[in-house]
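Examining the three-dimensional arrangement
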6 protein chains.
Amino acid sequence: MRPSGRAPDQMRTIEMIPGFSAHAEGSCLVKFGQTHVLVTASVEERLPPWLRGKGSGWVTAEYGMLPRATHTRGSREAAKGKQSGRTQEIQRLIGRSLRAVTDLKALGERQITLDCDVIQADGGTRTASISGAWVALRLAIDGIMAANPGMADPLATQVAAISCGVHDGQPVLDLDYIEDSDAGTDANFVLTSSGGMVEVQATAEGAPFDEETLLRLLRLARIGCNDVFAAQLKATGR
Amino acid sequence: MRPSGRAPDQMRTIEMIPGFSAHAEGSCLVKFGQTHVLVTASVEERLPPWLRGKGSGWVTAEYGMLPRATHTRGSREAAKGKQSGRTQEIQRLIGRSLRAVTDLKALGERQITLDCDVIQADGGTRTASISGAWVALRLAIDGIMAANPGMADPLATQVAAISCGVHDGQPVLDLDYIEDSDAGTDANFVLTSSGGMVEVQATAEGAPFDEETLLRLLRLARIGCNDVFAAQLKATGR
Amino acid sequence: MRPSGRAPDQMRTIEMIPGFSAHAEGSCLVKFGQTHVLVTASVEERLPPWLRGKGSGWVTAEYGMLPRATHTRGSREAAKGKQSGRTQEIQRLIGRSLRAVTDLKALGERQITLDCDVIQADGGTRTASISGAWVALRLAIDGIMAANPGMADPLATQVAAISCGVHDGQPVLDLDYIEDSDAGTDANFVLTSSGGMVEVQATAEGAPFDEETLLRLLRLARIGCNDVFAAQLKATGR
Amino acid sequence: MRPSGRAPDQMRTIEMIPGFSAHAEGSCLVKFGQTHVLVTASVEERLPPWLRGKGSGWVTAEYGMLPRATHTRGSREAAKGKQSGRTQEIQRLIGRSLRAVTDLKALGERQITLDCDVIQADGGTRTASISGAWVALRLAIDGIMAANPGMADPLATQVAAISCGVHDGQPVLDLDYIEDSDAGTDANFVLTSSGGMVEVQATAEGAPFDEETLLRLLRLARIGCNDVFAAQLKATGR
Amino acid sequence: MRPSGRAPDQMRTIEMIPGFSAHAEGSCLVKFGQTHVLVTASVEERLPPWLRGKGSGWVTAEYGMLPRATHTRGSREAAKGKQSGRTQEIQRLIGRSLRAVTDLKALGERQITLDCDVIQADGGTRTASISGAWVALRLAIDGIMAANPGMADPLATQVAAISCGVHDGQPVLDLDYIEDSDAGTDANFVLTSSGGMVEVQATAEGAPFDEETLLRLLRLARIGCNDVFAAQLKATGR
Amino acid sequence: MRPSGRAPDQMRTIEMIPGFSAHAEGSCLVKFGQTHVLVTASVEERLPPWLRGKGSGWVTAEYGMLPRATHTRGSREAAKGKQSGRTQEIQRLIGRSLRAVTDLKALGERQITLDCDVIQADGGTRTASISGAWVALRLAIDGIMAANPGMADPLATQVAAISCGVHDGQPVLDLDYIEDSDAGTDANFVLTSSGGMVEVQATAEGAPFDEETLLRLLRLARIGCNDVFAAQLKATGR
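As the structure is a computational prediction, the values presented were derived from the model and not from experiment.

Right, let's get into the interface of chain C and chain B. Listed by partner, the interface residues are 27 residues for chain C and 26 residues for chain B. In terms of surface lost to chain B, no three residues of chain C exceed Glu89, Met197 and Glu211 of chain C, which account for 23% of the buried area on that side. In this assembly, chain C and chain B are joined by 4 salt bridges. Linking Arg222 of chain B and Glu211 of chain C is a salt bridge whose minimum nitrogen-to-oxygen distance equals 3.7 Å. For the pair chain C and chain B, the interface holds 12 residue pairs in polar contact (both at pLDDT 80 or more). If one sorts the elements of the side of chain C that touches chain B by residue count, strand E9 (residues 197–204) of chain C sits on top with 8 residues. When grouped by side-chain class, the residues that make up the side of chain C that touches chain B number 10 nonpolar, 8 polar and 9 charged. Pairing between strand E9 (residues 197–204) of chain B and E9 of chain C: 5 bridges, direction antiparallel. In the strand pairing of E9 of chain C, Gln201 of chain B is matched with Gln201 of chain C.

What follows is the structure, encoded as structure tokens:
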């Protein structure tokens, strides 16, 4: 029995509110249960110097968490003067995941920055971020394409992410904070809507895991990502 | 005529959503028109070492702005490795304003940290922060008092803040971003519900201002703060 | 009775020694009683990149305090690796105040940096800095004008600043450290020689203050600034 | 055909020189072909404050790369003033991997720090670091056990890591720098000598990968880690 | 012929103004010609944690330069967020030099911090700092001894420093900025009043130097330091 | 009797392994007994902006120490976020010493960076670094000259460094860690193969030293550097 009463392969309620931000070129408030992340996509028509003149664009991500997004207050990274290793690891993962489905040549010499800020955390903030970032990116690219008729769509495929883990000996989908805190194995999967894998990260928190477990977690992830893909389509009006 | 069509002494719509955060001891999402700030109050039952043993508590504030809260993306302070002078100035002002109405002795040896994070900005983020912080603080203190029967209320008075300025030669109340950008004089007032002033900051952006102007801005501020005081009472169920 | 024996509207002795620094284009050692600040004005004929090509110049300020300018030694900001919020707040105020009386177009594409370093502190270091900075700026601009015949004077008006406060229930002028430490209300006024206000900052340290008090402090500030204006004229040989 | 002429499932020559450092409690210079990493294990008999009094120890890791370990010189992290996201990600992975096979209770209130410094880089520095760190840790623990007769061995199992990837359409084992630079999929596996997985990280550098590919890379990793386990035993005289 | 018209073995005018600072336990404004350094000695009756309980005290130094102490403005170290290598090298030298003549056991569990801040620079700031620091330290220790009758004097000997160099092929004493800028060899000597050497630092700026040159520079340094010793005695009323 | 059993004028065994690094343009692993430093020379054909267009090149150095190069682990400078004063002092000395024997005009608009990383420390790391850096620089310049026929040799002379000190009252050559720890006087000499001095740094750790002692240490340094010069020639195949 999961603490939340969910079935092993049951996701939390997903909600994706497109256009949440008044200023950003694309945005999405994504909720996986009590985990709420605001993602904005900011388009800049110029690249930073080291990316210029190569005939292609760039997609990058930054990640942050409000100090009291969590059960107890964490210190503010801006006040401490540096981003933690965890923060950097997550924002690198988000950027990689979105670039994996973006045709940077087709994007042209533009940079899109995806800011993923966790308003409230209850496990799975990095996977919610990736999932919501696709919506914000899609909306921003829709805007670029509307302003540039004839431009090829640089975002042919969807990407989504979900966490799975072994809790109380049982593989379960979409861990919340309580499950995450004492999961035996913890895995994040980033999958594309065309069925491929973009990133797999599995970590034994306690005893090592075996191949069978990895594959069962992957199977759960496919179920979960399908839900996310549907929510993304709905949020972007497709 | 103001860009927004408002009368000179007309506030934007104020909305205060108490308990917005699932985890914080007190919280408030405060909206002054398109300016949205999430304030959380975090209670710690121990003080930092330099405040211990004096028989009184502490109230402090931190301020941040999501990178794309603004019209164009600003860089993330955590990534730059330091808080700007503007950020520090604002969070010092918020802390001072709330301490001005808190009886720190009555609070006891506890620290309450008010995190004010701007989700969306359209002028007046510091005054919205102070106004919302009172709600979050009030709710947090309600919780402490409920758990400590017989404790005296450390928060006898309300505090609110509003910006006023001279726009197009005319003193106006509650500047939005467009007005703020070319205001001749810009002033922030922090007032208490008992009629006193806690902080006055007036700056000539163009030509110097005179005493008459300062007093007219103060009169507008009294009008605006009365609206805020009412919204605070409603949000805290008083 | 004030601790120093001064009358409520009595300034400390003001001394302004122009040309104190052998190297700077303009300089002034300003003394308000035991508060001593060395201000230098450094002229650079090129602007930083972000200010170039707009046909106007820039005036900026930096502020620092020697570690043992104060009663007990403070730590050195260069050693700690960052400027405090207080330092940044003060240097922003100084820069704003001097820009308020400088015609940046008339200045031409030049930057003048005003370094205000507190050699000894006894209250009122920010107001002494602003007051002395006008002298250093005036001397630097005199030099620029001498080298550029026909150039319009970018500095038509004087600016000065003074602190006032309520001490022992009585509004007093030009607070020293002892008065500042237990002032009920503390205010800084930045005024121009043409009678206008450039900046007003008033803070309730204890009980909130009322309009009457604010106006009485302003009246004291006018008295004090007139003394400073006279000292500035004498120091710049006008 | 691989650039190095190796067979798809062929490792580079592994060399593990135990006791390379004169001062460290355990050490190992590990070479995977032209990738050379010096690992030292430093034992401290006291824990940092936040780990004390829980009756168990801690194993942590730090990672660095000499500026000219690589083909072109990289800037020195100490001079830049911060560790890159990549560095932090790697050192977190190393620490997690070694803790996964260490019984921290049995270790007692001690901290062992594993410093992994890349002397020369040719791909696979993180996996060589983990593999060599086990040797350094084993030797350090041997020393602790020798000085504490009757102490239970906190390190019952071996842990090793290897990178695999898809190069030119073919899954290959133990990528060198040339292969790594244009691998389609890149994966790191951390395995235990008892057959379990501790960490799996697979990333699509180009097109997404499928389950079959993931499993073929895992099979190669098992082959490679078996070689590493043998080298570890030899280096530690078992 | 030296640019200043001085004889090869002629010092600049030395001035040492004791008690320049109103707050410090000891202080001295030292002038070597146009080089002016304010040195304060701050006594703390407690040691930092890592020095406690060893029955002896500590003397340490910090060094800084006002941004416009030099011909062209240098950036402020506090604003840059770090002290330069040059600054650290100098403050380490000052601390070492003063500790060399202080009996730390006799000082008792106290720390004295010598802040050397260059108000104006014209060559030789580090040697002026050391020379002036002795005066500030002497005055501070006089105060400690006055308050602790029977305490042994921890400062039996004087220490002074001077720079010498080869200018235009000729060894000269007490280099000013113009000489320093194109000196062939540049040396700093720290000598005690009992005739010993505490520190010698000689650097070939152009061609290497020989033993004969080193000894001639040393001879000049002895002449110069004798002048400094006399000025120190006068400044401390001995 | 020295702790190592060496005669007062006896060096430790010197070993210089040229070409130790596979990637650097020049490199040397230098061993002075148990002190091991890896030096790499990295050639960049472009100068940093502030050195361009002056028709000459630049030689610079960086220094680091692996955390467990020493008897007890030191913290990693990259993790602490800054280089210590000691590190900066040493790398400035290395750079200066090598530039003293390099004709920067003849080098042309190139920069050579000498990275000196201490793999294992047993006293004298800065002097070993300078001595090994000459070998790495020589090899890198040999490569540049081979690719640029007719280019004049920018490195006409050798430079080497050695530490000497007074241990147990006796001047001794090439201090190891034990001797260094309680040396009365500690001196580093940087000498050229043509007999000149480039840098002398002598410090009294206890009692001040006299001229006779300085000269005796210099005499020892000449003996030691001659050994180093011979090892350098051998390592560079001359």
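Following the structure, the description resumes.
Considering all chains together, one arrives at 114 salt bridges over all chains under this definition. Between Arg6 of chain B and Asp176 of chain B there is a salt bridge; the shortest N-O distance is 3.6 Å. Of the two residues, Arg6 of chain B is situated in the segment before strand E1 (14–18) and Asp176 of chain B in the loop between strand E7 (170–173) and helix H5 (177–181); the sequence distance between them amounts to 170 residues. Considered together, Arg6 of chain B and Asp176 of chain B belong to a single accessibility category, that of buried residues. In this structure, Arg73 of chain C engages Glu62 of chain E in a salt bridge whose closest nitrogen and oxygen atoms are separated by 3.2 Å. You can see Arg73 of chain C sitting in the loop between strand E4 (58–65) and helix H1 (77–80) and its partner Glu62 of chain E sitting in strand E4 (residues 58–65), one on each of two chains. Linked through salt bridges whose partners overlap, the residues forming this network are Arg2, Arg6, Arg12, Asp122, Asp174, Asp176 and Glu179 of chain A.

This paragraph deals with the relation of the copies chain C and chain B. The transformation that overlays chain C on chain B combines an axial shift of 0.0 Å with a rotation of 180°, and the residual RMSD is 0.0 Å. Those values place the two copies in the arrangement expected of a two-fold rotation axis. Residues of chain C ranked by C-alpha distance from the rotation axis are headed by Gln201 of chain C, positioned 2.3 Å from it. Mapped onto chain B, 96% of the interface residues of chain C are again interface residues, and the two copies thus contact each other with one and the same surface.

With that settled, the discussion passes to the sheet that holds strand E8 (residues 185–192) of chain D. Read across the sheet, 8 strands follow the order E7(A)-E6(A)-E8(A)-E9(A)-E9(D)-E8(D)-E6(D)-E7(D) without closing on themselves; strand pairing throughout is antiparallel. Bordering the open sheet on either side are strand E7 (170–173) of chain A together with strand E7 (170–173) of chain D, each of which pairs with just one other strand. Each strand of the sheet is rotated relative to its neighbour by a mean of 15°, with strand direction disregarded. Two elements, strand E6 (residues 159–167) of chain A and strand E8 (residues 185–192) of chain A, share 8 bridges in a ladder whose sense is antiparallel. Looking at E8 of chain A, one finds that Ala160 of chain A is bridged to Leu191 of chain A. Relative to E6 of chain A, helix H4 (residues 125–147) of chain A is tilted by about 160°, and along the sheet it contacts E6, E8 and strand E9 (197–204) of chain A. Most of the contacts of helix H6 (residues 211–235) of chain D go to strand E6 (residues 159–167) of chain D, to which it runs at about 140°, and overall it touches E9 of chain A together with E6, E7, E8 and strand E9 (197–204) of chain D.

With that settled, consider the side chain of Gln158 of chain F. Residue placement: Gln158 of chain F occurs in the loop between helix H4 (125–147) and strand E6 (159–167). Within the local environment of Gln158 of chain F, its side chain forms a polar contact with the backbone oxygen of Phe229 of chain F, the two atoms lying 3.0 Å apart.

This brings us to helix H6 (residues 211–235) of chain A. Taking 1.5 Å of rise per residue, 25 residues should cover 36 Å, and H6 of chain A covers 36 Å from first to last C-alpha, within 8% of that figure. Downstream of H6 of chain A by a residue or two, Gly237 of chain A has a phi angle that is positive, lying close to 65°.

For the pair chain B and chain A, the relating rotation is 180°, the translation along its axis is 0.0 Å, and the fit reaches an RMSD of 0.0 Å. A share of 97% of interface residues in chain B that are also interface residues in chain A marks the association as one of identical surfaces.

It is worth spelling out the sheet that holds strand E2 (residues 26–32) of chain F at this point. In any sheet, the strands associate via hydrogen bonds between backbone groups, in a parallel or an antiparallel arrangement. Residues and elements named next belong to chain F. Taken in spatial order, the 5 strands of this open sheet run E1-E2-E3-E5-E4, and their pairing is mixed. Edge strands, defined here as strands with exactly one partner in the open sheet, are strand E1 (14–18) and strand E4 (58–65). When strand polarity is set aside, the average angle formed by the axes of neighbouring strands in this sheet is 15°. Bridging between strand E3 (residues 35–44) and strand E5 (residues 111–120) involves 9 bridges; their strand directions are antiparallel. Residue pairing for E5: Ala41 is matched across the bridge by Leu114. Sheet strands in contact with helix H2 (residues 85–99) are E4 and E5, and its direction is about 145° off that of E4. Contacts between H4 and the sheet are confined to E1, E2, E3, E4 and E5, with E3 contributing the most and set at about 35° to the helix.

Our next topic: the confidence of the model for chain A. Per-residue confidence for chain A gives a mean pLDDT of 96; residues scoring 70 or more make up 100%. For this predicted complex, the interface score ipTM comes out at 0.94, alongside a pTM of 0.92.

Residue-level contacts link 36 residues of chain B with 35 residues of chain A. Together, His23, Arg68 and Arg76 of chain B form the three largest contributors to the area buried by chain B at its contact with chain A, with a combined 30%. Put simply, chain B and chain A have 12 salt bridges between them. For the salt bridge of Glu62 of chain B with Arg76 of chain A, the shortest nitrogen-to-oxygen distance reads 2.8 Å. Seen at the junction of chain B and chain A, the total is 22 residue pairs in polar contact (both at pLDDT 80 or more). Mapped onto the side of chain B that touches chain A, the elements with two or more residues apiece are strand E3 (35–44), strand E4 (58–65), helix H1 (77–80) and strand E5 (111–120) of chain B. Broken down by class, the residue content of the side of chain B that touches chain A amounts to 15 nonpolar, 12 polar and 9 charged.

So, how was this worked out
- Residues numbered from 1 in each chain as written.
- Chains lettered and ligands numbered in written order.
- Predicted model: local features only at pLDDT ≥ 70, side-chain atom pairs only at ≥ 80, totals over all residues.
- Heavy atoms only, no water.
- Contact = heavy atoms within 4.5 Å.
- Buried area = accessible area lost by both parts, 1.4 Å probe.
- Salt bridge = Lys/Arg side-chain N within 4 Å of Asp/Glu carboxyl O.
- Polar contact = N/O pair within 3.5 Å; in protein donor to acceptor, adjacent residues only side chain to side chain.
- Helix = DSSP H or I, 4+ residues; strand = E, 2+ residues; numbered from the N terminus.
- Nonpolar A, V, L, I, M, F, W, Y, C, P; charged D, E, K, R; others polar.
- Pairing = 2+ DSSP bridges.
- Buried < 20%, exposed > 50% of the residue type's maximum accessible area, 1.4 Å probe, protein only.
- Least-squares fit on C-alpha atoms with pLDDT ≥ 70 in both.
- Axes fitted to C-alpha atoms, helices over the stretch in contact; angles between N-to-C directions.
- Expected span 1.5 Å × (residues − 1).
- pLDDT = per-residue confidence, 0-100.

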